[in-house]
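# Breakdown of the fold
Letter by letter, the chains look like this.
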Amino acid sequence: MLHLNLFIFGCGHHRAAWRAPGSAAERLGEIAYYESLARIAERGKLDAVFFADGHSAENVADGPRWFLEPLTAMAAMSRATERIGLISTVSSTFYTPFHAARMLASLDHISGGRMGWNVVTSMFDAEARNHGHAAMPDHAWRYARAQEFVDVVLRLWDSWDDGAIVCDRAGAYARPQSVRAVTHHGEHFPQVQGPLTVPRPPQGHPVLFQAGSSEQGRALAARHAEAIYAVAYDLPAAQAYYRDIKRRVRQAGRQDPVPIMPGLVVYVAATEAEARAKQRALDELLPAETSLRQLGTFIGQDCMDWDLDAPVPSLPPLQAYTGPKGRYGTILRIIETERPTVRQLLGRLAAGGGHCTVVGTPEQIADHMEHWWRNEGADGFNLMPPSLPDGIEDFVEQVVPVLQRRGLFRRDYEGATLREHLGLARPPRR
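In this report, the structure presented in the accompanying data block is examined. Because the structure is a prediction, the values reported are computed rather than measured.

Attention now goes to the overall build of the protein. Per the secondary structure count, the protein includes 14 helices and nine strands. For the protein, whose C-alpha radius of gyration is 22 Å, the value lies close to the compact-globule estimate of 22 Å for 430 residues. Taking the principal axes of its C-alpha atoms as reference, the protein extends roughly 75 × 50 × 45 Å. By the burial criterion, 57% of the 430 residues in the protein qualify as buried. For the protein, contacts bridging at least 24 residues in sequence account for 76% of all contacts bridging at least 6. Accessible surface, the protein: about 18,000 Å² in total, of which carbon and sulfur atoms supply 51%. For the protein, the centre of its 46 positive side-chain charges and the centre of its 49 negative side-chain charges are spaced 5 Å apart.

Right, here's the structure in full:
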């Protein structure tokens, strides 16, 4: 069946969502807001909720980006829900393996086996300056560190055997022979002794998500990823990525399913005209200056003086771009396919930054999702509602029942852990 995640992002993924009357802009520091979003997603039987994360605050006048630290928030959200998975971005560029392993293992215990982690290499100089660096290290360095980071985290989780704790009140609390140092010495982490202070997580390893589309990102995904987030503007782009990743996973000698979930922006209503009116209402709230700043972030250059009604200026090829290649490649594809003016491109990127966008009735949206699923475009979707909470409420109440009637999505949870939701085996201790 389809796998579905809710990607939680402020007031919604549209850059003007916070400006809408009745938005949740004043509630972004309230944990009750995020708990309610998780409960809505759980009511729809979604696999998980997902939090992205960033390490810098810029252009704060344009709208909210980051507020609560995701892992902290998920501790509370786990107590407000029962079955839905909880996934957070974790930066391999800034975290240390011991710190990340300890927090994620703790949350897996707290949630009863519902944690996942989306491993990313951070990319912006402003983030680097908050962690003691003058600028971000180069792409190859970041991915080499990410590879070592993941290896060490997995070893730390495996530093305790399953069943190491015996609680023998007349003897030992835990078997000493079942708890071992990892004794890691590497290039990026010269010494990690271990063992971890937290016993092995309920899932063995919290589920590892990955989202890189560069050559190094795909290589990391092929070796380690258990599920993948992707950027795909249209089905041909989705199919090319899907087939390449599945091929790489097989070449790595793995039999894991590794579900691939492209981002999906949905405007849903009883009629297509009503859905397009929803989209138009948000687009009209977004100032051009804010849109141009967002575009500049996506393409890595200043475009504040671009003529809004002229064609998009020529951009460097994908191979020459050193930022996040998935989104940049999508923007190049939009420009090549649609030949938009700058103004038209800004509207296209306002919600989701180039992820696939579907506007229509519940049946039309279900048709689109099923078509991708049946044609090697996706194993599921990372839902990116333009506005929250109404965007996920609309999806759960209107689209999920259609998918369920077609036999494409679960009517109830069959397992209790995120691994079970995704059809993944619990890894043995390495």
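So much for the structure itself; the text now carries on.
Let us look at the layout of surface pockets. Here the second largest pocket is characterised by a volume of approximately 370 Å³. Forming the boundary of the second largest pocket are 18 residues, of which H205, H224, E226, D256 and P427 lie nearest the centre. Counted by class, the lining of the second largest pocket contains nine nonpolar, two polar and seven charged residues.

Core analysis: the largest hydrophobic core is formed by 75 residues, its most contacted members being M77, W117, M369, I392, F395 and L403. For F395, the contacting residues outside a window of four places in its chain are L4, V266, V268, I365, M369, L383, V400 and L403. In this structure, V207, F209, V359 and L422 belong to the second largest nonpolar core, which totals 22 residues.

Residues that lie three or four places apart on an α-helix share one face, since the helix turns once every 3.6 residues. All of the buried residues in helix α2 (residues 70-80) are P70, L71, A73, M74, M77, S78 and A80. For α2, the angular spread of buried residues about the axis comes to 155°, placing them on one side. Opposite the buried face of α2, at more than 90 degrees from it, the exposed residues are T72 and R79. Against β1 (3-8), α1 (31-43), β2 (48-51), β3 (85-91), α3 (97-111) and β4 (115-120) lie the buried residues of α2.

Once that is clear, we can look at the packing of aromatic side chains. This model, assessed by the stated rule, comprises twelve aromatic pairs. On the basis of an interplanar angle of 50° and a centroid distance of 6.2 Å, the ring pair of W117 and F149 is categorised as tilted. One end of the pair, W117, is in strand β4; the other, F149, is in helix α5 (residues 139-157), with 32 residues separating them in the sequence. Judged by its relative accessible area of 0%, W117 is buried. Both rings, one in W372 and one in F381, keep their centres 6.0 Å apart while their planes meet at 50°; by these two values the pair is tilted. The two residues W372 and F381 agree in class, both being buried. Feature note: the residues F7, F9, F50, W66, F209 and Y229 constitute an aromatic cluster, connected by ring pairs.

Turning to the side chain of S88, a few remarks are in order. By the secondary structure assignment, S88 is in strand β3. Here S88 falls in the buried class, since its relative accessible area comes to 0%. The residues touching S88, leaving out its near neighbours within four places in the chain, are F50, F51, P70, L71, M74, G116, W117 and N118.

Scanning all chains against the criterion turns up 27 salt bridges. The salt bridge partner of R218 is D244, with a shortest N-O separation of 2.9 Å. Residue R218 is located in helix α6 (residues 215-224), and its partner D244 is located in helix α7 (residues 235-251); the two are separated by 26 residues in the primary sequence. Using a relative accessible area of 19% as the deciding quantity, one classes R218 as buried. Between D379 and K246 there is a salt bridge, with the nearest N and O atoms lying 3.0 Å from each other.

Reading guide: rules and limits
Residues numbered from 1 in each chain as written. Predicted model: local features only at pLDDT ≥ 70, side-chain atom pairs only at ≥ 80, totals over all residues. Heavy atoms only, no water. Helix = DSSP H or I, 4+ residues; strand = E, 2+ residues; numbered from the N terminus. Rg over C-alpha atoms; globule rule 2.2 N^0.38 Å. Buried < 20%, exposed > 50% of the residue type's maximum accessible area, 1.4 Å probe, protein only. Contact = heavy atoms within 4.5 Å. Areas by Shrake-Rupley, 256 points an atom, 1.4 Å probe, with all protein chains shown as cover. Lys, Arg positive; Asp, Glu negative; His and termini not counted. Charge placed at Lys NZ, Arg CZ, Asp CG, Glu CD. 1 Å grid on protein atoms, 1.4 Å probe; cavity = no way out; pocket = protein on both sides within 12 Å on 5 of 7 lines; lining within 4 Å. Points joined across faces, edges and corners; volume = space filled by probe spheres on them. Nonpolar A, V, L, I, M, F, W, Y, C, P; charged D, E, K, R; others polar. Core = buried A, V, L, I, M, F, W, Y, C linked by side-chain atoms within 4.5 Å. Arc of directions from axis to C-beta. Phe/Tyr/Trp six-rings, centres within 6.5 Å; stacked < 30°, edge-to-face > 60°. Salt bridge = Lys/Arg side-chain N within 4 Å of Asp/Glu carboxyl O.

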